[in-house]
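# Coordinate analysis (summary)
Below are the chains, spelled out letter by letter.
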Amino acid sequence: MSNGQAGLPTTGEQPAELVTQVTAAEGNAPQFTLGDPDLTDSINKGLAQVEEYLLSELSRGESFVTDKVLHLAQAGGKRFRPMFALIASQYGSKPGCQEVIAAATVVEMTHLATLYHDDVMDEAEKRRGVDSANARWNNSVAILAGDILLANVSRIMADLGVETVAHFAETFHDLVTGQMRETVGAEGRDEIAHYMDVIKEKTGVLIASAGYLGALHSGASPEARGALRNFGYDIGMVFQIVDDIIDIFSDYSQSGKNPGTDLREGVFTLPVLYALAEDTPVGAQLRDKLTGPVGDDDALLAEVLDLLGRSTGRERALADVHSLLAQAEAELAKLPSGPATDALITLARLTVSRVG
Ligand code: GRG
């Protein structure tokens, strides 16, 4: 599971008439184009406010702390979660109000905290195109930087009220449960169900929170909050499965990443799990060869990638992507039609368009 580092697609791949693009200008908030000019303007203004608030809140404290805590925030990132929180706030009477900005910032800060901790657990060397905090300093510093981020999250949330604090307690619980579930493994449970639970908890839950909190703090109805939360779960899972498909089936020229990183680390994602379960000669060969991390064995990796290419893994994972996309669109059908809903439909389809 490669944690979505490949990024949103560029406009060249987009399937619908609306254009949705993110560009991360250095030192500025990313800019999105969301079809409708008024919506685009409102979301980009909100993102600039989130950026300012994020950086100023992370600048609190002594410099030996703030340089570590600001490290990943300043390294870029798509700001997909705050962007979604801002779009979700369009369904209430106070879109983009100060509470919405604070909630969107809380979500991005929590995301950042998980990245610091995740990189320690994965022994990652790079994140957002720069050295990960664990590589630049060490594991202890990276964990503590994540903890400071969570302290900042708690301070901001205290002002947002008890409903937000309670909601976030559930979110933290699910995030850590997902990480723990992945760490301990399926323990005899169905591997596909295990994978789906992990990605729902690790990736879906925070995107769901972004939708829920953006809607809540703009004064949107409980129905809209629920639909945006469910939509967030679904597209979060789509996002992760698509990334996992790309990790296996795209070459460097398509994705900017070398295929098979997850296999090298012994992480068997959805297309691999489907291929391994296949009752065919290809499935049998895979079960024989793929018994643990592939590591540095390039010949084995090439063989496994070839077998996966001849399996039904990609096709079956894509079928799940399309059924989650349909579920996401069904949630959007509960919302009033308009530019925000159009933008969310396009965003969801763009996520899928990276793999077809
Ligand atoms: C600190 C609350 C807390 C939890 C620790 C480590 C952990 C438990 C959870 C890990 C969650 C995790 C890292 C999930 C992966 C999510 C993901 C898809 C990351 C990549 O997101 P992008 O592509 O990244 O949006 P950018 O850099 O663009 O923001």
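What you are looking at is a predicted structure, and each value in this text was computed from that prediction instead of being measured.

Entries for the protein in the domain assignment read domain 1 (34-220) and domain 2 (222-355). Taking only C-alpha atoms, the centre of domain 1 and the centre of domain 2 are 22 Å apart. Counting from both sides, the interface comprises 30 residues of domain 1 and, opposite them, 28 residues of domain 2. Taken over both partners, the interface formed by domain 1 and domain 2 buries close to 2600 Å², and the fraction arising from carbon and sulfur atoms is 79%. When the area that domain 1 buries against domain 2 is broken down by residue, the three leading residues are Tyr 91, Ile 192 and Tyr 195, summing to 25%.

Another point: the environment of Gly 295. Within the element layout of this structure, Gly 295 appears in the loop between helix H13 (281-289) and helix H14 (298-309). Separated by 31 residues in sequence, Gly 295 and Arg 264 place their C-alpha atoms 4.3 Å apart.

Applying the stated criterion across every chain, the model contains three aromatic pairs. Judged by centre distance (5.4 Å) and plane angle (70°), the rings of Phe 168 and Phe 172 are edge-to-face. Of the two residues, Phe 168 and Phe 172 both sit in helix H7 (residues 162-184), four residues apart, roughly one turn of that helix. Phe 168 gets classed as buried once you look at its relative accessible area, which sits at 0%. Above the ring of Tyr 233, the side-chain terminus of Lys 200 is found at 4.8 Å from the ring centroid. The ring of Tyr 212 is capped by Arg 229, whose NZ or CZ atom sits 5.3 Å from the centre of that ring.

Mapping Gly 356 onto the fold places it in the segment after helix H16 (339-353). Residue classification places Gly 356 among the exposed positions, given a relative accessible area of 55%. Separated by 34 residues in the primary sequence, Gly 356 and His 322 place their C-alpha atoms 9.6 Å from one another. Setting aside residues up to four positions removed in sequence, Gly 356 forms contacts with Leu 318 and His 322.

With 92% of its residues at a pLDDT of 70 or more, the protein has an overall mean of 92. Under a pLDDT of 50 for its full length, residues 4-19 has, in the predicted model, 39 contacts with residues more than four places off or in other chains.

Packed helices, taken two at a time, are described by the angle between their axes plus the distance between the axes. Close contact between helix H9 (residues 222-249) and helix H15 (residues 313-332) brings their axes to 9 Å; oriented N to C, the two are set at 160°. By the criterion of interaxial angle, the relationship of H9 to H15 is roughly antiparallel. Our pair here, H9 against H15, has a crossing hand that is left-handed. Mapping the contact onto sequence places Gly 226, Ala 227, Asn 230, Phe 231, Asp 234, Ile 235, Met 237, Val 238, Ile 241, Val 242, Ile 245 and Phe 249 in H9 and Arg 314, Ala 317, Leu 318, Val 321, Leu 324, Leu 325, Gln 327, Ala 328, Glu 331 and Leu 332 in H15. The class makeup of the residues in the contact of H9 with H15 is 16 nonpolar, three polar and three charged.

The rules behind each value
- Residues numbered from 1 in each chain as written.
- Predicted model: local features only at pLDDT ≥ 70, side-chain atom pairs only at ≥ 80, totals over all residues.
- Heavy atoms only, no water.
- Domains from an automatic or database assignment.
- Contact = heavy atoms within 4.5 Å.
- Buried area = accessible area lost by both parts, 1.4 Å probe.
- Helix = DSSP H or I, 4+ residues; strand = E, 2+ residues; numbered from the N terminus.
- Phe/Tyr/Trp six-rings, centres within 6.5 Å; stacked < 30°, edge-to-face > 60°.
- Buried < 20%, exposed > 50% of the residue type's maximum accessible area, 1.4 Å probe, protein only.
- Lys NZ or Arg CZ within 6 Å of the ring centre and 35° of its normal.
- pLDDT = per-residue confidence, 0-100.
- Axes fitted to C-alpha atoms, helices over the stretch in contact; angles between N-to-C directions.
- Parallel < 35°, antiparallel > 145°, perpendicular 65-115°, else oblique.
- Left-handed = near helix turned anticlockwise from the far one by under 90°.
- Nonpolar A, V, L, I, M, F, W, Y, C, P; charged D, E, K, R; others polar.

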